[in-house]
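Chain by chain, the residues:
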Amino acid sequence: MATFGTLSERLTETFRNLRTKGKLSPADVDGTVREIRRALLDADVALEVVKEFAAKVRERALGDEVNRALNPAQQVVQIVNEELIAILGGEQRRLEFAKTPPTVIMLAGLQGSGKTTFAGKLAKMLAKDGHTPLLVAADLQRPNAVGQLTVVAERAGATIFAPEPGNGVGDPVRVSRDGIEFAKRHQHDIVIVDTAGRLGVDAELMKQAADIRAAVQPDEVLFVIDSMIGQDAVNTAKAFQEGVDFTGVVLSKLDGDARGGAALSVASVTGRPIIFASTGEGLDDLEAFHPDRMASRILD
Ligand code: GDP
């Protein structure tokens, strides 16, 4: 994965230097933590996340577990690994399904973040598991959004619910509600509601998404974030958290050459788990997110 490439190399280099030492002096630990800190900042990881991460690693690396270790350098690598898993959310979090179908999954995010593509990927993945997802086109802002979701639905082999021309056009809340009623009538056990995205966070967009959330009471609200957005990730994520109180995160475009900062910051600053990683333009390029596997990829 190109994402994290430079970060990975720099951490590997840091650990290589560390391994040349036997016992670690406080100065060795400080030097190592400083290098890790710089590597994370250069990878666009949010400052608040880096600070907390560095403080934890430093505290543990100066403590007894390293002092007593047969191989202190290896022990520090282990600590970095554990703390990386922690900022990525700790345990894997799976999608939650409603006790009584349909499960309603609402998508939110900036325009271009990969929301519509993700809607198709998720529908395809769930259909493979025996579900009968319905895609609801509640993005009525962009002229071609409904058309794009229709194409994605076709490729995913999923049914789409879109407003009839002239019937409720322009009212995404109504379309979302009608979509759920349609799902109940036609035995769709999952409803994926694609909402409008704008180029920047804006109040009107947020209110619209919040209105849809209030009206349909989704089981999951997934915030799709483009891994490439770098330092803007934190503010965008916080704005969406405040606006729609999302329940989970989807990292998209992890196949790109992002430096990884967004991926490494978003779970930590919002306290919401990353549930999926989107890794390409094809509809099969979707993976369940595993914090431990992601940490290993970074440290490999
Ligand atoms: P939306 O505006 O949020 O609905 O975003 P789209 O789903 O239309 O995606 C915007 C662009 O990003 C499209 O060209 C997609 O093909 C592309 N895209 C979406 N997800 C991924 C991904 O995981 N990897 C890559 N490389 N491209 C993606």
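The structure we're discussing is the one just above.
Residues numbered from 1 in each chain as written. Predicted model: local features only at pLDDT ≥ 70, side-chain atom pairs only at ≥ 80, totals over all residues. Heavy atoms only, no water.

A. Looking closely at the packing of helix H2 (residues 26-42) against helix H3 (residues 47-61). At a closest axis distance of 10 Å, the pairing of H2 and H3 adopts a crossing angle of 160 degrees. Judged on the interaxial angle alone, H3 and H2 are roughly antiparallel. Crossing of H2 over H3 shows right-handed handedness. Contacts between H2 and H3 involve Val29, Asp30, Val33, Ile36, Arg37, Leu40 and Leu41 from the first element and Leu47, Val50, Lys51, Phe53, Ala54, Val57, Arg58 and Ala61 from the second. When its residues are assigned to classes, the contact of H2 with H3 shows 11 nonpolar, no polar and 4 charged. (Axes fitted to C-alpha atoms, helices over the stretch in contact; angles between N-to-C directions. Helix = DSSP H or I, 4+ residues; strand = E, 2+ residues; numbered from the N terminus. Parallel < 35°, antiparallel > 145°, perpendicular 65-115°, else oblique. Left-handed = near helix turned anticlockwise from the far one by under 90°. Contact = heavy atoms within 4.5 Å. Nonpolar A, V, L, I, M, F, W, Y, C, P; charged D, E, K, R; others polar.)

B. Focus on the sheet that holds strand E6 (residues 248-252). Read across the sheet, 8 strands follow the order E3-E2-E4-E1-E5-E6-E7-E8 without closing on themselves; strand pairing throughout is mixed. Edge positions in the open sheet fall to strand E3 (159-161) and strand E8 (286-288), since each of these has one partner strand only. The sheet shows a mean angle of 25 degrees between the axes of neighbouring strands, direction not considered. Where strand E7 (residues 274-278) and E8 come together, 3 bridges link them in antiparallel fashion. Residue Ala277 lies in a different strand from E8, and its bridge partner there is Glu287. (Pairing = 2+ DSSP bridges.)

C. Summary view of the pattern of salt bridges. Using the criterion set out here, one finds 21 salt bridges in the structure. For Lys207, the salt bridge is made with Asp211, and the minimal N-O distance between the two is 2.8 Å. One end of the pair, Lys207, and the other, Asp211, are both in helix H9 (residues 203-216), 4 residues apart, so they sit about a helical turn from each other. Judged by its relative accessible area of 52%, Lys207 is exposed. By relative accessible area, which is 31% here, Asp211 ends up partly exposed. Each member of the salt-bridge network shares a partner with another, and the members are Arg60, Glu65, Glu82 and Glu83. (Salt bridge = Lys/Arg side-chain N within 4 Å of Asp/Glu carboxyl O. Buried < 20%, exposed > 50% of the residue type's maximum accessible area, 1.4 Å probe, protein only.)

D. Layout of the pairing of strand E1 (residues 103-108). Most of E1 sits inside the fold, with 6 of its 6 residues counted as buried. A two-sided burial pattern is seen for E1, the buried positions comprising Thr103, Ile105 and Leu107 on one face and Val104, Met106 and Ala108 on the other. For E1 and strand E4 (residues 190-195), the ladder comprises 5 bridges, and the chain directions are parallel. Each bridged residue has a counterpart across the sheet, and for Met106 the counterpart in E4 is Val193.

E. Structural view of the packing of helix H10 (residues 233-244) against helix H11 (residues 261-270). Here H10 crosses H11 at 35 degrees, and the two axes come no closer than 9 Å. By crossing handedness, the relation of H10 to H11 is classed as right-handed. Between H10, through Ala233, Val234, Ala237, Lys238 and Gln241, and H11, the contact on the second element is made entirely by Ala262, Ser265, Val266, Val269 and Thr270. Its residues assigned to classes, the contact of H10 with H11 comprises 6 nonpolar, 3 polar and 1 charged.

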